[in-house]
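Residue-level listing of the chains:
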Amino acid sequence: MGGLQPWHWLIVIAVFVLLFGAKKLPDAARSLGKSMRIFKSELKEMQSEGSGESTVQPGAHPSPRPITAERVENPAPAPQPAPDATDKHPA
């Protein structure tokens, strides 16, 4: 009951042929295959980069790295306090 039976697959294939047409299906399958190959190669590349950089043993916590703050060369001027009504001198 949980899996697809052969006649389910036939219905799915028939719907795809009706929707996309027999001419476009090989092109769609070819582009899907290219995408999967690119995806697999990118995954392998990421795994090889990750294994080369990682020197931490499994189960061990990595040593903490210091946080670097960005330094602002020209800081904004401090806001001036608003004058109170009692500071005004009568003219």
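Residues numbered from 1 in each chain as written. Predicted model: local features only at pLDDT ≥ 70, side-chain atom pairs only at ≥ 80, totals over all residues. Heavy atoms only, no water.

Identification of the chain as Sec-independent protein translocase protein TatA from Mycolicibacterium aubagnense is taken from an unreviewed UniProt entry. Under the heading Function (unreviewed entry), UniProt records this for the chain: "Part of the twin-arginine translocation (Tat) system that transports large folded proteins containing a characteristic twin-arginine motif in their signal peptide across membranes. TatA could form the protein-conducting channel of the Tat system." What UniProt states about the chain under its Subcellular location (unreviewed entry) heading is, verbatim, "Cell membrane". (UniProt positions renumbered as here; feature names shortened; annotations may be inferred.)

Visitor: Describe the overall build of the chain, and please don't skip the residues or the numbers.
Guide: From N to C terminus, the chain includes two helices and zero strands. Here the chain, with 91 residues, has 0% of them falling under the buried criterion. Surface accessibility of the chain: about 9,600 Å² in total, with carbon and sulfur atoms responsible for 63%. (Helix = DSSP H or I, 4+ residues; strand = E, 2+ residues; numbered from the N terminus. Buried < 20%, exposed > 50% of the residue type's maximum accessible area, 1.4 Å probe, protein only. Areas by Shrake-Rupley, 256 points an atom, 1.4 Å probe, with all protein chains shown as cover.)

Visitor: Could you give me a rundown of a nonpolar patch on the surface, with the residues and numbers involved?
Guide: Together, Leu4, Trp7, Trp9, Leu10, Ile11, Val12, Ile13, Val15, Phe16, Val17, Leu19 and Phe20 give the surface a local cluster of nonpolar side chains, amounting to about 1,200 Å² of exposed area. We classify Trp7 as partly exposed; its relative accessible area is 47%. (Patch = residues over 30% accessible without salt bridge, like charges linked within 9 Å, V, L, I, M, F, W, Y side chains within 5 Å. Salt bridge = Lys/Arg side-chain N within 4 Å of Asp/Glu carboxyl O.)

Visitor: Lay out the pattern of salt bridges with the relevant residues and their values.
Guide: Counted under the stated rule, the structure contains one salt bridge. Asp27 is the partner of Arg30 in a salt bridge, and the nearest nitrogen-oxygen pair spans 2.8 Å. On the criterion of helical spacing, the pair formed by Arg30 and Asp27 is a turn pair, its members being three residues apart in helix H2 (residues 24-53). The class of Arg30 is partly exposed, set by a relative accessible area of 45%.

Visitor: How would you explain helix H1 (residues 6-20) if you had to name every residue and give the values?
Guide: Taking 1.5 Å per residue as the helical rise, H1 with its 15 residues ought to reach 21 Å, and the 21 Å between its terminal C-alpha atoms agrees with that figure. Downstream of H1 by a residue or two, Gly21 has a phi angle that is positive, lying close to 85 degrees. (Expected span 1.5 Å × (residues − 1).)

Visitor: Give a description of the UniProt feature "transmembrane region" (unreviewed entry) in the chain that names residues and reports values.
Guide: Here, the residues flagged by UniProt with the feature "transmembrane region" (unreviewed entry) are residues 6-22. Taken end to end, residues 6-22 is 88% helix and 0% strand, and its first and last C-alpha atoms sit 21 Å apart.

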